[in-house]
Amino acid sequence: MKLHFSITTAEELRERRGGRYVLYSVCLEGFLLGKARYSQLRRWDAQLRQLFGSAVPAFPPKYYLAMTKSMADERQSQLEQYLQNVTLDSNITNSDVFIAFFRKLQQDTFKIQTQRAFLDVYLADGSNIKLDIQTSDTAEQILEVTLCKMGLSRELTKYFSLFFFQDHDDGVLSVVKKVAEFELPYVSLQSMKVLHCKLGIRKWYMDPSLDTLLMDCRASLNLLYMQAIQEVERNWVKPTEGQMQELELLQKNAHKVKFLELIREMQFYGYVRLDPCMCDYPEEGCTADVYVGNNEINCCIKLPTNQIKEVSFKINRLRSWQVTFLGATKGGEEDTLEFRFEYNDSGTWQWIILYTKQAFLLSSCLKKMISEHMTKAAREGQEMVVHSGFISRKRFLVRPNEDDRVFEKIREEDL
């Protein structure tokens, strides 16, 4: 499934011999992954083409004359589109050529050589596992080693992932992003130091009923149990007073299975909670607490009149969504992201906007829910609504497609 790649800037630099070249900032889910020249990307494309032939999308052509401003902008857009399209094929993204390119790109950009290092991977109960790694180890390798140390069955690894998160002093837990399998967590942590992020393991599925597949393995049961307790403590889950008393009793007696069976009945269990954000529904100037999971985006909206309105947006009534970079805030501290989705509200399609720095995380959660819905529907022989992705330098857009598979295309948009 297509990854959230973007090229945010193109910096013109001078070589030692006097020539000029452009350095492109390649970002993944809004965070800088590395900087590359056109010639580097072109050589990489040639390597991919030797292995995968016509499965590799068309690469932007080389210009033999001096580029104008419009030509430079077009190339930047085309390179971004190429990066988006090349991730459609899992055979390509799992290949050594793909992984090696981004490994070198990250290391060269942040000037981190391959060497021995120690890395802390945090669990939901606040404890951590200290790993002896190489700085060039990918997230996939680190996840496998960590889960192996915990005794997790290898076939259950796919239900978990590494995430960058912020654990605030006031008790708020913010999930910043899911770490891509080919990403180098050690290098990414160095590049994200200003955010004071930690690397942690969380389950990676949006359907709470999938818990039942992991209950027979002690290690996965422990991971689910720790995360469930964390989400109760951080106020992600909304138990009634009676349910809370039952949970406390089960936790006191360490009845993990019964604890997880009970908590699955509670509101927002298994959801990802986003930080409070602004929204334009049902009117401008509203704030919202957003929970995404179990085939919905649930928003607890505070109206300008201070009234509270809870709205559930079901994914089977969602036609498309977009992520747009709006530029830096007035203070210039961070970029503002707009997440807008097209929703059928009482028979009428309308766009609803959330202004959240976790827009890419929300998009990833929606894609995961759709993937799970398709898998479940295929097993049950139901008709499926399949979504496709359209990405530009400015916006990530997903919309339905009549095809019976996940098929994603690129749409060019003007800046």
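Parameters and conventions
- Residues numbered from 1 in each chain as written.
- Predicted model: local features only at pLDDT ≥ 70, side-chain atom pairs only at ≥ 80, totals over all residues.
- Heavy atoms only, no water.
- Helix = DSSP H or I, 4+ residues; strand = E, 2+ residues; numbered from the N terminus.
- Contact = heavy atoms within 4.5 Å.
- Areas by Shrake-Rupley, 256 points an atom, 1.4 Å probe, with all protein chains shown as cover.
- Axes fitted to C-alpha atoms, helices over the stretch in contact; angles between N-to-C directions.
- Parallel < 35°, antiparallel > 145°, perpendicular 65-115°, else oblique.
- Left-handed = near helix turned anticlockwise from the far one by under 90°.
- Nonpolar A, V, L, I, M, F, W, Y, C, P; charged D, E, K, R; others polar.
- Pairing = 2+ DSSP bridges.
- pLDDT = per-residue confidence, 0-100.
- Phe/Tyr/Trp six-rings, centres within 6.5 Å; stacked < 30°, edge-to-face > 60°.
- Buried < 20%, exposed > 50% of the residue type's maximum accessible area, 1.4 Å probe, protein only.
- Salt bridge = Lys/Arg side-chain N within 4 Å of Asp/Glu carboxyl O.
- Arc of directions from axis to C-beta.
- Core = buried A, V, L, I, M, F, W, Y, C linked by side-chain atoms within 4.5 Å.
- Expected span 1.5 Å × (residues − 1).

(A) Region of the structure containing the overall build of the chain. The number of helices and strands found in the chain is 10 helices and 18 strands. A sequence separation of at least 24 residues applies to 53% of the contacts in the chain between residues at least 6 apart. Counting every atom, the chain has about 20700 Å² of accessible surface; 46% of that belongs to carbon and sulfur.

(B) Quick peek at the packing of helix 7 (residues 218–233) against helix 9 (residues 256–263). Relative to each other, helix 7 and helix 9 sit at 50°, their axes nearing to 10 Å. With respect to each other, helix 7 and helix 9 are oriented oblique. Regarding helix 7 and helix 9, the two cross each other, and that crossing is left-handed. Contacts between helix 7 and helix 9 involve L221, N222, L224, Y225, A228, I229 and V232 from the former and K256, V257, F259, L260 and I263 from the latter. Tallied by class, the residues present in the contact of helix 7 with helix 9 amount to 10 nonpolar, one polar and one charged.

(C) Broad picture of the sheet that holds strand 1 (residues 5–14). Sheet architecture is open: three strands sit in the order 1-2-3, paired in antiparallel fashion. Of all the strands in the sheet, just strand 1 and strand 3 (31–37) have a single pairing partner and so form its edges. The average angle at which neighbouring strand axes cross in this sheet is 25°, direction not considered. Note that strand 1 and strand 2 (residues 20–28) share eight bridges and pair antiparallel. For E12, the partnering residue across the bridge sits in strand 2 and is V22. Contacts from helix 2 (residues 69–86) reach strand 1 and strand 2, with the element oriented near 135° to strand 1. Against the sheet, helix 4 (residues 96–109) engages strand 1 and strand 3, with an angle of about 95° to strand 3.

(D) Summary view of the confidence of the model for the chain. Put simply, the chain has an average pLDDT of 89, and 89% of its residues get 70 or more. In the model, residues 384–394 has pLDDT below 50 throughout and makes 68 contacts with residues more than four positions away in sequence or in other chains. Below pLDDT 50 for its whole length, residues 400–415 participates in 49 contacts with residues either more than four positions away or in separate chains.

(E) Structural context of the packing of aromatic side chains. For the structure shown, the criterion picks out 23 aromatic pairs. For the pair F101 and F102, a centre-to-centre distance of 5.2 Å together with 80° between the ring planes defines the contact as edge-to-face. We note that F101, like F102, is buried. Summarising the aromatic geometry, the rings of F313 and F341 are spaced 5.1 Å apart at their centres and angled 70° between planes, so their arrangement reads as edge-to-face. Of this pair, F313 sits in strand 13 (residues 308–314) while F341 sits in strand 15 (residues 335–345), and the two are 28 residues apart along the sequence.

(F) Structural detail: the pattern of salt bridges. Counting across every chain of the model gives 16 salt bridges. Salt-bridge contacts for R116 lead to D132; the nearest nitrogen and oxygen are separated by 2.7 Å. You can see R116 sitting in strand 4 (residues 116–122) and its partner D132 sitting in strand 5 (residues 128–134), a full 16 residues away along the chain. On the accessibility criterion, R116 (56% relative accessible area) is exposed. With a relative accessible area of 47%, D132 lands in the partly exposed category. We note a salt bridge from E342 to R319, for which the minimum N-O separation is 2.5 Å. Residue E342 is found in strand 15, and its partner R319 is found in strand 14 (residues 318–328); the two are separated by 23 residues along the sequence.

(G) Here's a closer look at helix 9. Looking at helix 9, one finds that the buried residues are F259, L260, L262 and I263. Buried positions in helix 9, seen along its axis, are confined to an arc of 160° and lie on one side of it. Contacts from the buried residues of helix 9 go to helix 7 and helix 8 (241–252).

(H) Representation of the packing of helix 8 against helix 9. At a minimum axis distance of 9 Å, the contact between helix 8 and helix 9 shows a crossing angle of 160°. Viewed along their axes, helix 8 and helix 9 adopt a mutual orientation that is roughly antiparallel. Note that helix 8 runs across helix 9; the crossing there is left-handed. Across from Q243, E246, L247, L250 and Q251 in helix 8, the residues of helix 9 making contact are K258, F259, L262 and I263. Of the residues that constitute the contact of helix 8 with helix 9, the class distribution is five nonpolar, two polar and two charged.

(I) Spatial organisation of unusual backbone geometry. Residue P282 is reached from Y281 by a cis peptide bond, and omega for that bond is 0°. Residue placement: P282 occurs in the loop between strand 10 (277–279) and strand 11 (286–293). Positioned with a positive phi, K111 is a non-glycine residue whose angle comes to about 55°. Within the secondary structure, K111 sits in the loop between helix 4 and strand 4.

(J) Representation of the nonpolar core. F160, L162, F164, L199, F259, L260 and I263 are the most contacted members of the largest nonpolar core, which totals 52 residues. Among the elements that line this core, the one with the most residues is helix 7, at nine residues. Not counting chain neighbours up to four residues away, the residues in contact with F160 comprise L143, L147, L152, I201, R202, K203, W204, L214, S220 and L223. The next biggest cluster of nonpolar side chains, apart from the first, holds 43 residues, and it includes F165, W236, A288 and W321.

(K) Layout of helix 7. For helix 7, built from 16 residues, the straight-helix expectation of 22 Å at 1.5 Å per residue is met to within 8% by its first-to-last C-alpha distance of 22 Å. Buried residues dominate helix 7, accounting for 13 of its 16 residues. Phi turns positive, to about 70°, at N235, one or two residues after helix 7.

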